[in-house]
Amino acid sequence: MDDDNHQDEWSLETLAIRAGHQRTFEQEHSEPIFPTSSFVYESAAEAARKFGGQEPGNVYSRFTNPTVHTFERRLAALESGERCVATSSGMSAILSTALALLSAGDEIVASRSLFGSTVSLFDKYLGKFGITTRYVELSNVSAWEAAITPKTRLLFAETPSNPLSEIADIPALAALAKRHNALLAIDNCFLTPALQQPLALGADLVIHSATKYLDGQGRAVGGAVVGSHALLEEVFGVVRTCGPCLSPFNAWIFTKGLETLSLRMNAHCENALTLARWLDAHPAVTQVFYSGLEGHPQHGLAKQQQKGFGAVLGFEVKGGQEGAWQVIDATRMLSITGNLGDVKTTITHPATTTHGRLSDTQKEVAGIAPGLVRVAVGLESQQDIQRDLARGLDILAG
């Protein structure tokens, strides 16, 4: 019996453990890995039918692999999407979406609070092929509408934003996109379907860097796009032809990571909220950016469309970049790395790492101040995390 025969009846926690697995004739309990580049057939006629699409089956692991399909089916079920296409990274998921759905002369309206590499992709590379991107304040729906033109084909946002925890009103943006015959894509890697389901809120596409919380332990790089069959068939065509595909081994890691997704995300949220409140009271900290704090300007909106506030927070310290670096360098346990989504707490200076390729003007517009520090709160003891940050913060406080 396949594990997903009754998935319409299952909760998200059960889907994360059982959806998508179609058992082989070996009747395995755990999901298998198929580390093969190609597949064999009983006859030339069978090969012709499968290559021609007249008969379902595997052809070549660049676009058909059973392990990758298991991950895709499971993530689609968690996001309540019709289909998922896995990719080699989160950035390749964004690129594949753009190549599939946009043409020269089309326009994107995007949040100005995007990951630095996404901005570079839109401006430096898509711009070379005649695709223009207009950037607006994430939380200002009127600004989004004002930026839309008859050429706008895609609205793109990360919510919560990185690293300032700004929140987009997904239903409002979805309604706006539909009025203007555009698509809305939401990068959901900070919250995952355990905490937010953009498709249910009206979005057309969900983008993931599976590298982050879908894996949850910093072991592999991958990405995914989730949406309708019609839209995803176009994205699949890009992956099939251009080759930004997910490896079977990484797909297996992500599939196993999904099994503990809800447990991990709930624990991350609890730890992050506790740390945000502690930072908010520290005299060396001038501002904390975390939507779980009641003083956050979009705390109410976050509560409406999210089941939790996530693990990533930003905070500004006294002393600008020098002060921020002092806090980072004083840590002994936290991992100094630009990555996030790990059970290990990570810390970085966005202005010189994740957003380092942005111009000074772009950083200023995006709110990436010299004194800003980003922490992706892991699952260590809260006492140990606070003690490690206090080493530098207490010195700054004088």
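All figures in this text were calculated on a predicted structure; none of them were measured in a lab. (Residues numbered from 1 in each chain as written. Predicted model: local features only at pLDDT ≥ 70, side-chain atom pairs only at ≥ 80, totals over all residues. Heavy atoms only, no water.)

Student: Can you break down the overall build of the chain residue by residue, with the values?
Tutor: Along the chain, the regular secondary structure elements total 15 helices and 12 strands. Taking 398 residues into account, the globule formula puts the C-alpha radius of gyration at 21 Å, and the chain, at 22 Å, falls close to it. Put simply, 71% of the contacts in the chain that link residues at least 6 apart link residues at least 24 apart. Total accessible area on the chain is roughly 16,600 Å²; 52% of this is exposed by carbon and sulfur atoms. (Helix = DSSP H or I, 4+ residues; strand = E, 2+ residues; numbered from the N terminus. Rg over C-alpha atoms; globule rule 2.2 N^0.38 Å. Contact = heavy atoms within 4.5 Å. Areas by Shrake-Rupley, 256 points an atom, 1.4 Å probe, with all protein chains shown as cover.)

Student: Give me the sheet that holds strand β7 (residues 223-227): which residues, what numbers.
Tutor: The 7 strands lie next to each other as β1-β7-β6-β5-β4-β2-β3, forming an open sheet whose pairing is mixed. This sheet does not close on itself; its edge strands, each paired only once, are β1 (83-87) and β3 (132-136). Averaged over all pairs of adjacent strands, the angle between strand axes in this sheet comes to 20°, irrespective of strand direction. Alignment of strand β2 (residues 107-111) against strand β4 (residues 152-158), held across 4 bridges, turns out to be parallel. By the bridge assignment for β4, Glu 107 is matched with Thr 152. (Pairing = 2+ DSSP bridges. Axes fitted to C-alpha atoms, helices over the stretch in contact; angles between N-to-C directions.)

Student: Tell me what's going on with the UniProt feature "modified residue: N6-(pyridoxal phosphate)lysine" (unreviewed entry) in the chain, and back it up with residues and numbers.
Tutor: Residues annotated by UniProt as "modified residue: N6-(pyridoxal phosphate)lysine" (unreviewed entry) correspond here to Lys 212. On the basis of relative accessibility, which here comes to 17%, the residue Lys 212 falls in the buried class. Sequence-distant contacts of Lys 212, defined by excluding residues within four places in its chain, comprise Cys 189, Asn 339, Leu 340 and Gly 341. (UniProt positions renumbered as here; feature names shortened; annotations may be inferred. Buried < 20%, exposed > 50% of the residue type's maximum accessible area, 1.4 Å probe, protein only.)

Student: Can you lay out the packing of helix α4 (residues 90-101) against helix α5 (residues 116-126) for me, pointing to particular residues and giving the numbers?
Tutor: Viewed as axis vectors pointing N to C, α4 and α5 meet at an angle of 35°, and their least axial separation amounts to 10 Å. Between α4 and α5 lies a crossing of right-handed hand. Facing α4, whose interface residues are Met 91, Ile 94, Leu 95 and Ala 98, α5 presents Ser 117, Thr 118, Leu 121, Phe 122 and Leu 126. Each residue belonging to the contact of α4 with α5 can be placed in one class, and the counts come to 7 nonpolar, 2 polar and no charged. (Left-handed = near helix turned anticlockwise from the far one by under 90°. Nonpolar A, V, L, I, M, F, W, Y, C, P; charged D, E, K, R; others polar.)

Student: Which residues make up helix α2 (residues 44-52), and what are the values?
Tutor: Every buried residue of α2 is listed here: Glu 46, Ala 47 and Lys 50. The arc that holds the buried residues of α2, viewed along the axis, is 100°, so those residues lie on one side. The first or second residue beyond α2 is Gly 53, which carries a positive phi of 85°. (Arc of directions from axis to C-beta.)

Student: So, the nonpolar core: which residues are in play, and what are the values?
Tutor: Nonpolar side chains in soluble globular proteins generally cluster together in the buried interior. In terms of nonpolar packing, the biggest core is built from 37 residues, with Phe 71, Leu 75, Leu 78, Tyr 213, Leu 214, Phe 254 and Leu 261 touching the most fellow members. If you list the elements that add at least two residues to this core, you get α1 (12-18), α3 (66-78), β1, α8 (192-195), β7, α10 (248-258) and α11 (261-280). Tallying contributions element by element places α3 first for this core, with 6 residues. Among the nonpolar cores identified, the runner-up in size contains 30 residues, and Ala 93, Leu 114, Phe 156 and Leu 205 belong to it. (Core = buried A, V, L, I, M, F, W, Y, C linked by side-chain atoms within 4.5 Å.)

Student: I'd love a proper account of the pairing of β4, names of residues and values included.
Tutor: Among the 7 residues of β4, 6 are classified as buried, and the element is accordingly described as predominantly covered. As paired elements, β4 and strand β5 (residues 183-187) share 5 bridges and run parallel to each other. Among the inter-strand pairings, Leu 155 is bridged to a residue of β5, identified as Leu 184.

Student: Break down the pattern of salt bridges for me, with residues and values.
Tutor: Evaluated as defined, the whole model comprises 13 salt bridges. Lys 50 serves as the salt-bridge partner of Glu 46, at 2.8 Å between the closest nitrogen and oxygen. Of this pair, Glu 46 and Lys 50 both sit in helix α2, 4 residues apart, roughly one helical turn. With respect to class, Glu 46 is no different from Lys 50; both count as buried. The partner of Asp 106 in a salt bridge is Arg 153, and the shortest N-O contact between them spans 3.8 Å. Highlighted residues: Asp 106 in the loop between α4 and β2 and Arg 153 in strand β4, separated in sequence by 47 residues. Here Asp 106 falls in the buried class, since its relative accessible area comes to 12%. Classification of Arg 153 by relative accessible area gives partly exposed; the value is 34%. Through salt bridges with shared partners, a single ionic network connects Glu 31, Arg 74, Lys 256 and Glu 259. (Salt bridge = Lys/Arg side-chain N within 4 Å of Asp/Glu carboxyl O.)

Student: So what's going on with the sheet that holds strand β10 (residues 335-336)? Residues and values would help.
Tutor: Spatial ordering of the open sheet is given by β8-β9-β12-β11-β10, a layout of 5 strands whose pairing is mixed. The open sheet has two edge strands, β8 (285-289) and β10, and neither has a second partner. Relative to strand β12 (residues 372-376), strand β9 (residues 312-317) runs antiparallel, the two being bridged by 5 bridges. Paired with Gly 314 across the bridge in β12 is Arg 374. Its contacts with the sheet place helix α13 (residues 320-330) against β9, β10, β11 (346-348) and β12, and it is angled at close to 125° to β9. In the packing of helix α15 (residues 382-397) onto the sheet, contacts are made with β8, β9 and β11, and the angle to β9 comes to roughly 25°.

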